[in-house]
Amino acid sequence: PISVSENHKRIPHLLVQIKSDKQQPGGVIYSIKGPGVDEEPLGIFSIDKFSGKVFLNAMLDREENDRFRLKAFALDLGGVTLEDPTDLEIIVVDQNDNRPLFRQDVFTGHVVEGAEPGTCVMTVEATDADDPDTDNAALRFSIVEQGAGGMFSINATTGEICTARPGLDRESVGVYNLTLQAADMSGDGLTTTATAVIYLEDINDNAPEFTKEEFSMEVEEQAAGVDVGRVLVHDKDLAGSPNWLAKFTILEGDPEGAFAIHTDPYTNDGVLSVAKPLDHEVRDRFQLTVSVQNQQPLVPAAPGSPRALATVQVRVRDVNEAPVFRENPRR
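Keep in mind the model is a prediction, meaning the values are calculated, not measured.

A.B. asks: Give me the overall build of the protein: which residues, what numbers.
C.D. replies: Within the protein, the regular secondary structure consists of 0 helices and 25 strands. Here the C-alpha atoms of the protein give a radius of gyration of 42 Å, more than 25% beyond the 20 Å that 2.2 N^0.38 yields for 331 residues. Its C-alpha atoms put the protein at 160 × 40 × 25 Å along the principal axes. Across the protein, contacts joining residues at least 24 apart in sequence account for 67% of those joining residues at least 6 apart. Split by element, the accessible area of the protein, about 18,900 Å² in all, is 48% carbon and sulfur. Counting 29 positive and 55 negative side-chain charges, the protein places the averaged centre of each group 2 Å from the other.

Here it is, written out as structure tokens:
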């Protein structure tokens, strides 16, 4: 085979000279046929019919045609074939004239916060149109920018992105934007970049906390089914998720079950209401102890909250009721 580099710029370029053993008086007429001559793509190769020199007349692109198979003929002056045609194979040698290309401009991945180092997030892929059997298409991946912390690493050969350090905390940083690079020539050649966006998924690693230790509210006596007031909590976990939604319990101060408490799903407040009518003349003040926790249990490694309990002072307000006779009839 005859080798010639793609993108060869010195045109015309002598590739080879063929010669027949069957020399004739007056000389031999040479010709070639095949792709690149009389078949598409036309006019790439030519031959000097008297000397047998084969020339390259145009730049080649290995990514379009990596080889040409031609037939060479030797004829006498009368056009009679002197010997069997010979095969002429021309190999197009690759040059590193193609940059790597990522399959996507933006790759998206998800990983739970608190994931152990070495947890796989995603695998990015890139291609190179150059010869896969050469270093021209030997790709290596790297992370060129990911912000402070260096929380992620990439396998240079496979493109697999994994967590590199402990301490991923969605409440501190919820989204990471990584700038990736792929380079051919085993990392020393042409380069291209893409973006990887990694979202941290929430776990219940933050307990809800009351915003203060004591809440005060009041309600009229004899009212039933009305809201008395709200106790407020704060939770750093993902708003609206079971890791965030609070669940309240009245632990002490209401042996008769006069009160009930439920969660406002939009604000996460605890709404205290009257379950049974109250009587100011019987009891004019209640001191309730209320606890809070999430609908979803805390992960084992999460610390508990010192503000998971609060005191609720409820004053029962007097209303003007009609006097009553103690006995009727009075005898």
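A.B. asks: So what about the sheet that holds strand β19 (residues 227-231)? Which residues, and what values?
C.D. replies: The sheet built from 3 strands is open, its strands ordered β19-β23-β22 with antiparallel pairing. At either margin of the open sheet sits one strand with a lone partner, and together these are β19 and β22 (259-263). Taking each pair of neighbouring strands and ignoring which way they run, the sheet shows an average axis angle of 25 degrees. Sheet analysis places β19 next to strand β23 (residues 270-274), joined by 4 bridges and oriented antiparallel. Within β23, the position partnered with arginine 230 by the bridge is valine 271.

A.B. asks: Tell me about the pattern of salt bridges, and please be specific about residues and values.
C.D. replies: Inspection of every chain in the model, using the stated rule, returns 14 salt bridges. Salt-bridge contacts for arginine 62 lead to aspartate 94; the nearest nitrogen and oxygen are separated by 3.0 Å. Residue arginine 62 is found in the loop between β5 (53-56) and β6 (67-75), and its partner aspartate 94 is found in the loop between β7 (86-93) and β8 (101-102); the two are separated by 32 residues along the sequence. The burial state of arginine 62 is the same as that of aspartate 94; both residues are buried.

A.B. asks: Before we move on, can you summarise the pairing of strand β18 (residues 214-220) with the specific residues and values?
C.D. replies: Side chains Phe215, Met217 and Val219 project from β18 onto a buried face, and the interleaved Glu214, Ser216, Glu218 and Glu220 project onto a face without burial. Bridge count between β18 and strand β25 (residues 309-317): 7 bridges; the pairing is parallel. In the sheet register, glutamate 220 faces β25, and the bridge partner there is arginine 317.

A.B. asks: Just give me the short version of the side chain of aspartate 264, but keep the residues and values in it.
C.D. replies: Following the sequence through the fold, aspartate 264 ends up in the loop between β22 and β23. For aspartate 264, a relative accessible area of 14% translates into the label buried. For aspartate 264, the side chain forms a polar contact with the side chain of arginine 230, separated by 3.0 Å. Non-local contacts of aspartate 264, meaning those with residues more than four positions away in its chain, are made with Arg230, Asp269 and Val271.

A.B. asks: Give a detailed account of the sheet that holds β7, specifying residues and quantitative values.
C.D. replies: Taking strand neighbours across the sheet as the criterion, the 4 strands line up as β1-β7-β6-β3 in an open arrangement whose pairing is mixed. With partners counted over all chains shown, the strands left at the sheet margins are β1 (2-5) and β3 (29-33), one partner each. If you compare each strand with its neighbour and ignore which way they point, the axes differ by 30 degrees on average. Sheet analysis places β1 next to β7, joined by 4 bridges and oriented parallel. Considered in β7, the bridge of serine 5 is made with valine 93.

A.B. asks: How would you sum up unusual backbone geometry? Please name residues and give values.
C.D. replies: A negative phi holds for most residues other than glycine; trans holds for most peptide bonds. For the bond running from isoleucine 11 to proline 12, omega is -5 degrees, close enough to zero to count as cis. By secondary structure assignment, the location of proline 12 is in the loop between β1 and β2 (13-17). Cis peptide bonds are those with omega within 30 degrees of zero, and the linkage from glutamate 40 to proline 41 qualifies with -5 degrees. Considering the arrangement of structural elements, one finds proline 41 in the loop between β3 and β4 (45-47). With a phi angle near 55 degrees, serine 186 is a residue other than glycine that sits in the positive phi range. Note that serine 186 resides in the loop between β15 (175-183) and β16 (191-201). Phi at glutamine 222 takes a positive value of approximately 70 degrees, unusual for a residue other than glycine. Residue position: glutamine 222 is located in the loop between β18 and β19.

A.B. asks: Tell me about the packing of aromatic side chains, and please be specific about residues and values.
C.D. replies: Per the stated rule, a full pass over the model turns up 7 aromatic pairs. When the centroid spacing of 5.0 Å and the interplanar angle of 75 degrees are considered together, the rings of phenylalanine 45 and phenylalanine 68 count as edge-to-face. One end of the pair, phenylalanine 45, is in strand β4; the other, phenylalanine 68, is in strand β6, and 23 residues separate them in sequence. You can call phenylalanine 68 buried: its relative accessible area is 3%. A centroid spacing of 6.1 Å and a plane angle of 45 degrees characterise the contact between phenylalanine 102 and phenylalanine 141, whose relative ring orientation is tilted. Pair noted here: phenylalanine 102 is in strand β8 and phenylalanine 141 is in strand β12 (residues 140-145), with a separation of 39 residues, a long-range link. Lying over the aromatic face of phenylalanine 73, lysine 33 brings its terminal NZ or CZ to 5.5 Å of the ring centre.

The rules we used
Residues numbered from 1 in each chain as written. Predicted model: local features only at pLDDT ≥ 70, side-chain atom pairs only at ≥ 80, totals over all residues. Heavy atoms only, no water. Helix = DSSP H or I, 4+ residues; strand = E, 2+ residues; numbered from the N terminus. Rg over C-alpha atoms; globule rule 2.2 N^0.38 Å. Contact = heavy atoms within 4.5 Å. Areas by Shrake-Rupley, 256 points an atom, 1.4 Å probe, with all protein chains shown as cover. Lys, Arg positive; Asp, Glu negative; His and termini not counted. Charge placed at Lys NZ, Arg CZ, Asp CG, Glu CD. Pairing = 2+ DSSP bridges. Axes fitted to C-alpha atoms, helices over the stretch in contact; angles between N-to-C directions. Salt bridge = Lys/Arg side-chain N within 4 Å of Asp/Glu carboxyl O. Buried < 20%, exposed > 50% of the residue type's maximum accessible area, 1.4 Å probe, protein only. Polar contact = N/O pair within 3.5 Å; in protein donor to acceptor, adjacent residues only side chain to side chain. Phe/Tyr/Trp six-rings, centres within 6.5 Å; stacked < 30°, edge-to-face > 60°. Lys NZ or Arg CZ within 6 Å of the ring centre and 35° of its normal.

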